[in-house]
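Survey of secondary and tertiary structure
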Amino acid sequence: MAKFSYKYENIKRIKKIFEKEVQRQISELNLKIQKLIEYKEELIREKENEKRKILSKNFIGNNELHFYSKFEKYIDEKLEFADKKIKELESEKEKKIEELVQKSKETKIFEKLEEHHKYKFETEQNKLEQIRMDEIALKKQGKNE
């Protein structure tokens, strides 16, 4: 019996490689987003700690108030930048997810096509096998007569 050989196997394999690459890119984006979220949380904790230090003092000098005001503004700018970067990464992630969906569809098409080709191949092989069996049966019948 002949062995099934799918003529689009290389294309299917390449499509899977592209799909895995997009999955890897999405994972990297998720990691970057997570790191930025952790960075934001750290900035918020730092801002709250500095605020507690200032409020715990009995006397707050003008210089300290000025420093805290500048510090708070600086932290707020960093938080704003982190939020902006997170939104950009989320947008990029959405595009990659759409790309992944498309790549997955392409891969599935080639898998379905392979199934179809394999079914046709097996059907043809079964027909050929049946013809051989019929020929053997006819030869045996001819020898017995």
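Attention here is on the structure that accompanies the text. Because the structure is predicted, anything quoted here is derived from the model rather than measured.

**Topic: the overall build of the chain**
Regarding its fold elements, the chain presents two helices and zero strands. A globule of 145 residues ought to have a C-alpha radius of gyration of about 15 Å, yet the chain, at 34 Å, is considerably larger. Seen through its C-alpha atoms, the chain measures out along the principal axes to roughly 125 × 25 × 15 Å. When each of the 145 residues of the chain is scored for burial, the buried share is 19%. Nonlocal contacts in the chain, meaning residues at least 24 apart in sequence, comprise 88% of its contacts between residues at least 6 apart. Separation of charge centres in the chain, based on 37 positive and 32 negative side chains, amounts to 3 Å.

**Things to note about the side chain of Lys-12**
Tracing the backbone shows Lys-12 in helix H1 (residues 9–56). Within polar-contact distance, the side chain of Lys-12 engages the side chain of Glu-114 at 2.5 Å. Residues within four places of Lys-12 in sequence aside, it is in contact with Tyr-6, Phe-110, Glu-111 and Glu-114.

**Side note on the environment of Lys-96**
Among the secondary structure elements, Lys-96 is positioned in helix H2 (residues 62–144). If near-sequence neighbours (up to four positions away) are discounted, Lys-96 is found in contact with Val-22, Gln-25, Ile-26 and Leu-29. There is a polar contact of 2.7 Å between the side chain of Lys-96 and the side chain of Gln-25.

**A few points about the packing of aromatic side chains**
The final tally for this structure, using the stated rule, is four aromatic pairs. Pairing Phe-4 with Phe-121 gives two aromatic rings, centres 5.5 Å apart and planes at 55°, and the pair type is tilted. Highlighted residues: Phe-4 in the segment before H1 and Phe-121 in helix H2, separated in sequence by 117 residues. The exposure class of Phe-121 is partly exposed, given its relative accessible area of 22%.

**Quick look at H1**
For H1, with 48 residues, the first-to-last C-alpha span of 70 Å sits near the 70 Å given by 1.5 Å per residue. Taken as a whole, H1 has its buried residues at Lys-12, Glu-19, Val-22, Ile-26, Leu-29, Ile-33, Leu-36, Leu-43, Lys-47, Glu-50 and Ile-54.

**Remarks on the environment of Asn-58**
You can see Asn-58 is positioned in the loop between H1 and H2. Assessed through its relative accessible area of 86%, Asn-58 is described here as exposed. Asn-58 sits 21 residues away from Ile-37 along the chain, and the two C-alpha atoms are 34 Å apart.

**Overview of a nonpolar patch on the surface**
On the surface, Ile-14, Ile-17 and Phe-18 cluster together into a nonpolar patch covering about 270 Å² of accessible area. By the secondary structure assignment, Ile-14 is in helix H1.

Parameters at a glance
- Residues numbered from 1 in each chain as written.
- Predicted model: local features only at pLDDT ≥ 70, side-chain atom pairs only at ≥ 80, totals over all residues.
- Heavy atoms only, no water.
- Helix = DSSP H or I, 4+ residues; strand = E, 2+ residues; numbered from the N terminus.
- Rg over C-alpha atoms; globule rule 2.2 N^0.38 Å.
- Buried < 20%, exposed > 50% of the residue type's maximum accessible area, 1.4 Å probe, protein only.
- Contact = heavy atoms within 4.5 Å.
- Lys, Arg positive; Asp, Glu negative; His and termini not counted.
- Charge placed at Lys NZ, Arg CZ, Asp CG, Glu CD.
- Polar contact = N/O pair within 3.5 Å; in protein donor to acceptor, adjacent residues only side chain to side chain.
- Phe/Tyr/Trp six-rings, centres within 6.5 Å; stacked < 30°, edge-to-face > 60°.
- Expected span 1.5 Å × (residues − 1).
- Patch = residues over 30% accessible without salt bridge, like charges linked within 9 Å, V, L, I, M, F, W, Y side chains within 5 Å.
- Areas by Shrake-Rupley, 256 points an atom, 1.4 Å probe, with all protein chains shown as cover.
- Salt bridge = Lys/Arg side-chain N within 4 Å of Asp/Glu carboxyl O.

Nothing here speaks to function; it is all geometry.
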